[in-house]
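The chain contents come next:
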Amino acid sequence: MTAELSDSLAGIGVLPVIVIDDPRAARPLAEALRAGGVGCAEVTLRTPAGRDSIAEMSAVEGFLVGAGTVLTVEQLDASAAAGARFAVSPGFDGQLVDRAMSSGVLAIPGIATASETMAAMRAGVRTVKLFPAAQLGGPAMIAALRGPFPEMSFVPSGGIDIDNVADYGIDGVLCVSTSWIAPRAMIAQRDFATIAERARAFVSRRRS
Ligand SMILES: O=C[C@H](O)COP(=O)(O)O
Ligand SMILES: CC(=O)C(=O)O
């Protein structure tokens, strides 16, 4: 089940990171993203509206929603109960990964080093988030990690925007994570038309 999910994320190729302040904006946001060719989102738990927004988005037909900034087992449980299909964390925590796996949620833990990659592999993870990607060397870091870890796939996140996304069209990248598509202020202003346009532009540049 989680393998299929990871194939779906790879097919979409882009993962918008969402910081949202009002769950009432969540459904129109998911619809705008989908209209722009991006049928998924990582809704961070950085705001109190995160969990309810996950629940709203999980009701949108065919839309894949996951939780971001998952730091505790309690947050993992609450996100899974709200309908999150995957859980993204900035770092690696074996307990969180175990809990995600036993809940049928795809764990995408963050890594920044080879040692953390090995720890994630030991926990049964095959897809990790490279965070913060740009600061760690971006595509060159992924290419370097793919040497010893050819079976791992990476979701680079941090510092990726429309101007540098094309650089991540390399082997080993499952999908590219970015907050560029739907900035917090744009969601607050309910500017969904611009968000749909940005989604479309980002996907097109990602595939170029
Ligand atoms: O978790 C994701 C990162 O915060 C996204 O980074 P970004 O805002 O630089 O795209
Ligand atoms: C930064 C990150 O990985 C997260 O918020 O999930």
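The structure this text deals with has already been given above.
Worth saying up front: this structure is predicted, and the values here are computed from it rather than measured.

What counts and what doesn't
- Residues numbered from 1 in each chain as written.
- Chains lettered and ligands numbered in written order.
- Predicted model: local features only at pLDDT ≥ 70, side-chain atom pairs only at ≥ 80, totals over all residues.
- Heavy atoms only, no water.
- Phe/Tyr/Trp six-rings, centres within 6.5 Å; stacked < 30°, edge-to-face > 60°.
- Lys NZ or Arg CZ within 6 Å of the ring centre and 35° of its normal.
- Pairing = 2+ DSSP bridges.
- Helix = DSSP H or I, 4+ residues; strand = E, 2+ residues; numbered from the N terminus.
- Contact = heavy atoms within 4.5 Å.
- Axes fitted to C-alpha atoms, helices over the stretch in contact; angles between N-to-C directions.
- Parallel < 35°, antiparallel > 145°, perpendicular 65-115°, else oblique.
- Left-handed = near helix turned anticlockwise from the far one by under 90°.
- Near = heavy atom within 4 Å.
- Polar contact = N/O pair within 3.5 Å; in protein donor to acceptor, adjacent residues only side chain to side chain.
- Areas by Shrake-Rupley, 256 points an atom, 1.4 Å probe, with all protein chains shown as cover.
- 1 Å grid on protein atoms, 1.4 Å probe; cavity = no way out; pocket = protein on both sides within 12 Å on 5 of 7 lines; lining within 4 Å.
- Sits in = over half its atoms within 2 Å of the grid points.
- Buried < 20%, exposed > 50% of the residue type's maximum accessible area, 1.4 Å probe, protein only.
- Arc of directions from axis to C-beta.

Caption draft 1: Seen up close, the packing of aromatic side chains. What the rule picks out here adds up to 1 aromatic pair. Cation over ring: Arg198 sits above Trp180, and NZ or CZ is 3.9 Å from the ring centre.

Caption draft 2: Focus on the sheet that holds strand β8 (residues 153–156). Strand order in the open sheet formed by 3 strands is β6-β7-β8, and the pairing between neighbours is parallel. Two strands in the sheet have a free side with no partner beyond their single neighbour: β6 (110–111) and β8. As judged from the 2 bridges shared by β6 and strand β7 (residues 127–130), these two strands associate in the parallel manner. For Ile111, the partnering residue across the bridge sits in β7 and is Leu130. Lying over the sheet, helix α8 (residues 139–146) contacts β6, β7 and β8, oriented at roughly 165° with respect to β8.

Caption draft 3: Seen up close, the packing of helix α3 (residues 50–58) against helix α4 (residues 73–82). Look at α3 against α4: their axes get within 8 Å of each other, and the N-to-C directions meet at 30°. For the element pair α3 / α4, the angle class is roughly parallel. In the packing of α3 onto α4, the handedness of the crossing is right-handed. Packed against α3, whose contacting residues are Arg51, Ile54, Ala55 and Ser58, the element α4 presents Ala78, Ser79 and Ala82 at the interface.

Caption draft 4: Molecular detail of the site of ligand 2. As a structural note, the neighbourhood of ligand 2 is formed by Glu42, Arg46, Gly68, Thr69, Val88, Ser89, Pro90, Lys129 and Phe131. Residue Lys129 places a side-chain N or O atom 2.6 Å away from an oxygen atom belonging to ligand 2. Protein contacts shield 96% of the accessible area of ligand 2, which totals 210 Å² for the unbound molecule. Among the detected pockets, ligand 2 sits in the largest pocket.

Caption draft 5: Examining the side chain of Thr127 more closely. Here Thr127 shows up in strand β7. According to the relative accessible area criterion, Thr127 is buried, its value standing at 5%. Polar contacts involving the side chain of Thr127 include one to the side chain of Ser153, which spans 3.0 Å. Setting aside its immediate chain neighbours within four residues, Thr127 contacts Ser6, Ala107, Ile108, Pro109, Met152, Ser153, Val155 and Leu174.

Caption draft 6: Seen up close, the site of ligand 1. Taken together, Val17, Arg46, Lys129, Ser157, Gly158, Gly159, Thr178 and Ser179 make up the full set of residues adjacent to ligand 1. Contacts to ligand 1 include Lys129, whose side-chain N or O atom sits 2.8 Å from an oxygen atom. Across the complex, the protein chains shield 78% of the 300 Å² of accessible surface that ligand 1 would expose by itself. Using a 2 Å cut-off from the grid points, one finds that ligand 1 occupies the largest pocket.

Caption draft 7: Layout of helix α5 (residues 94–102). Considered for burial, the residues of α5 that qualify are Leu96, Val97 and Ala100. One side of α5 holds all its buried residues, which, seen down the axis, span an arc of 100°. More than 90 degrees from the buried face of α5, the exposed residues found are Gln95 and Ser102. On its buried side, α5 packs onto α4 and β5 (106–108). Where α5 begins, one side-chain oxygen reaches toward the backbone nitrogen of Gln95, 2.9 Å away; that side chain belongs to Asp93. Gly104 sits one or two residues past α5 and shows a positive phi near 75°.

Don't take any of this as a statement about function, it's just geometry.
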